[in-house]
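Below, each chain spelled out in residue letters.
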Amino acid sequence: MDLENTKAQMRKGILEYCILSVLSKNSCYASDIIRELKEAKVIVVEGTLYPLLTRQKNAGLLSYRWEESQQGPPRKYYELTDEGKTYLTELDRSWDELVESVNLIRTR
Amino acid sequence: MKITVSVNLGGYSFNIDEDAYSELKRYLKNLELHFAGEESSSEILSDIEARMAELLKARLTTFKQVVTIDDVREVIAIMGNPEDITDEEGPTRKEKFSRPGPHRMYRDPDKRIIGGVCAGMGAYWDIEPWIIRIIFIALVMAGGLGILIYLILYIVLPEAKTTAQKIEMKGDPVNINNIKEAVKKEFDTVRKNMKL
């Protein structure tokens, strides 16, 4: 067993949930999402985000629009679709259940 | 003094040192291989390029206008190497390796006797090329039909030139790891031949 590997696995599992959570507050472009995820220390290398975003978009959980930017080329702004919102509600519930289960075991 | 190259990365234009350019190119090529087979892989790549452009732009000022190799290395470290970019949703490592890659018939120039047709067929079906050669010889003896078939196949089948094609010929999945392996094998063969 490798501690770092186990930790990385745990982080990876919740990354998808965290992306949807970040987007539930307001629509963001990828670098905003990265900043939040980095502050919360759930992401190590940035490259991990992009395949996830594209897959969530293909699954119909996210949509994006292009927005002009003063600093450079237009940016992709992502937001949750209605399907994404329902999906996130489900994940919220399952996260609460998980935390509860783990706490129950740890305090027993 | 150094030669610089001008590139368009994610819609920004950059002046970039030649060595930094080849490093960046190598990285993007590796990413492309990593995401090959993924639905919308080009979209993922252009998103990554856009982010890298942003990170590189932040490293330039009026006094430092050229992207150096250190800038590129720093940005690559932030984005992560292809091996580090994995996720739960996609195919797991094991699935990725067991999933068959494209399997095509080529002429095998490495084991050829005449044009590599029989060698290529042998590689495709994973059988000894001599079995196919004997069948062809038999067909030739039986009335010359073998020569015609051989000629047609020689024209139709492309030669496996690149490492990726040689992997496709044998039907292994094409990814960075087995390209590395195949290149190493080729290198060993060359070294062995040099000694002989």
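Please read all numbers here as calculations on a predicted model, not as lab measurements.

*Asks:* Honestly, the overall build of chain B in this entry has me stumped. Any pointers?
*Replies:* Across its full length, chain B carries 9 helices and 3 strands. Per-residue burial for chain B yields a buried fraction of 22% across its 196 residues. Counted over contacts in chain B with a minimum sequence separation of 6, partners at least 24 positions apart contribute 52%.

*Asks:* What's the story with the interface of chain B and chain A in this structure? I'm lost.
*Replies:* By convention, interface size is frequently given as the accessible area that disappears when the constituent parts associate. Contacts between the two partners involve 22 residues from chain B and, on the opposite side, 18 residues from chain A. Listed by contribution, the elements that provide at least two residues to the side of chain B that touches chain A are α2 (41–57) and α3 (69–79) of chain B. Top contributing element to the side of chain B that touches chain A by residue count: α2(B), with 6 residues. Here the side of chain B that touches chain A is composed, by residue class, of 7 nonpolar, 5 polar and 10 charged.

*Asks:* Would you mind going over the nonpolar core with me for this structure?
*Replies:* Nonpolar side chains in soluble globular proteins generally cluster together in the buried interior. Counting residues in each nonpolar core, the largest one holds 36 residues, and the members touching the most others are A:I19, A:L23, A:I33, A:L49 and A:L53. Listed by contribution, the elements that provide at least two residues to this core are α1 (3–25), α2 (30–39), α3 (49–58) and β3 (75–80) of chain A together with β2 (12–17), α1 (18–35), α2 and α3 of chain B. For this core, the leading source of residues is α2(B), giving 6 residues. Ignoring sequence-local partners within four residues, the contact set of A:L49 consists of A:A30, A:I33, A:I34 and A:I43. Ranked by size, the runner-up nonpolar core spans 9 residues in total, among them B:C118, B:M121, B:A123 and B:L157.

*Asks:* Got a minute to help me understand the sheet that holds β2(B) in this structure?
*Replies:* Strands in a sheet are paired, the pairing made by backbone hydrogen bonds, and the direction either parallel or antiparallel. Residue and element names in this part refer to chain B. Strand order in the open sheet formed by 3 strands is β1-β2-β3, and the pairing between neighbours is mixed. Whereas interior strands pair on both sides, the edge strands pair on one side only; in this sheet they are β1 (4–9) and β3 (66–67). Here β1 pairs with β2 via 6 bridges, running antiparallel. When the sheet's bridge partners are listed, V5 is paired in β2 with I16. Each of β1, β2 and β3 touches α1; the most contacted strand, β2, lies at about 115 degrees to it.

*Asks:* I tried to follow the pairing of β3(A) on my own but got confused; where do I start?
*Replies:* Within a regular strand, side chains alternate between the sheet's two faces. Residues and elements named next belong to chain A. The pairing of strand β1 (residues 28–29) with β3 spans 2 bridges and is classified as antiparallel. Bridge assignment links Y29 to a residue of β3, and that residue is Y77. Where strand β2 (residues 62–67) and β3 come together, 6 bridges link them in antiparallel fashion. Within β3, the position partnered with Y64 by the bridge is Y78.

*Asks:* Where do I start with unusual backbone geometry in this structure?
*Replies:* Across residues other than glycine, the phi torsion is negative in most instances, and most of the peptide bonds are trans. Residues and elements named next belong to chain A. Unusually for a residue other than glycine, K41 sits at a positive phi of about 55 degrees. Inspection of the secondary structure puts K41 in the loop between α2 and α3. With 8 C-beta atoms packed within 10 Å, K41 lands in the exposed category.

*Asks:* Before we go on, may I ask you to explain helix α7 (residues 145–156) of chain B in this structure?
*Replies:* Relative to the 16 Å expected for 12 residues at 1.5 Å per residue, α7(B) spans 17 Å between its end C-alpha atoms, a close match to the ideal helical length. With 0 of 12 residues buried, α7(B) lies mostly on the surface of the structure.

*Asks:* Explain the packing of α1(B) against α3(B) here, please?
*Replies:* Helices that pack against each other are described as a pair by the angle of their axes relative to one another and the distance between those axes. All names here are of chain B. Running from N to C, α1 and α3 cross one another at 20 degrees; their axes reach a closest spacing of 8 Å. Classified by the angle between their axes, α1 and α3 sit roughly parallel to one another. The residues of α3 that touch α1, namely those facing D19, A20, E23, L24 and Y27, are I69, D71, V72, R73 and I76. Residue composition of the contact of α1 with α3, by class: 6 nonpolar, no polar and 4 charged.

*Asks:* What should I look at first to understand the packing of α1(B) against α2(B) in this one?
*Replies:* Residues and elements named next belong to chain B. Two elements in contact, α1 and α2, have axes whose closest approach is 10 Å; the angle formed by their N-to-C orientations is 150 degrees. Here α1 runs over α2; the crossing is right-handed. Side by side, α1 and α2 meet where L31, E32 and F35 of the first sit next to S41, I44, L45 and I48 of the second. Split into classes, the residues belonging to the contact of α1 with α2 amount to 5 nonpolar, 1 polar and 1 charged.

Here is what the cut-offs are and how they apply
Residues numbered from 1 in each chain as written. Chains lettered and ligands numbered in written order. Predicted model: local features only at pLDDT ≥ 70, side-chain atom pairs only at ≥ 80, totals over all residues. Helix = DSSP H or I, 4+ residues; strand = E, 2+ residues; numbered from the N terminus. Buried ≥ 20, exposed ≤ 12 C-beta atoms within 10 Å, placed from the backbone. Contact = placed C-beta atoms within 7 Å. Nonpolar A, V, L, I, M, F, W, Y, C, P; charged D, E, K, R; others polar. Core = buried A, V, L, I, M, F, W, Y, C linked by C-beta atoms within 7 Å. Pairing = 2+ DSSP bridges. Axes fitted to C-alpha atoms, helices over the stretch in contact; angles between N-to-C directions. Expected span 1.5 Å × (residues − 1). Parallel < 35°, antiparallel > 145°, perpendicular 65-115°, else oblique. Left-handed = near helix turned anticlockwise from the far one by under 90°.

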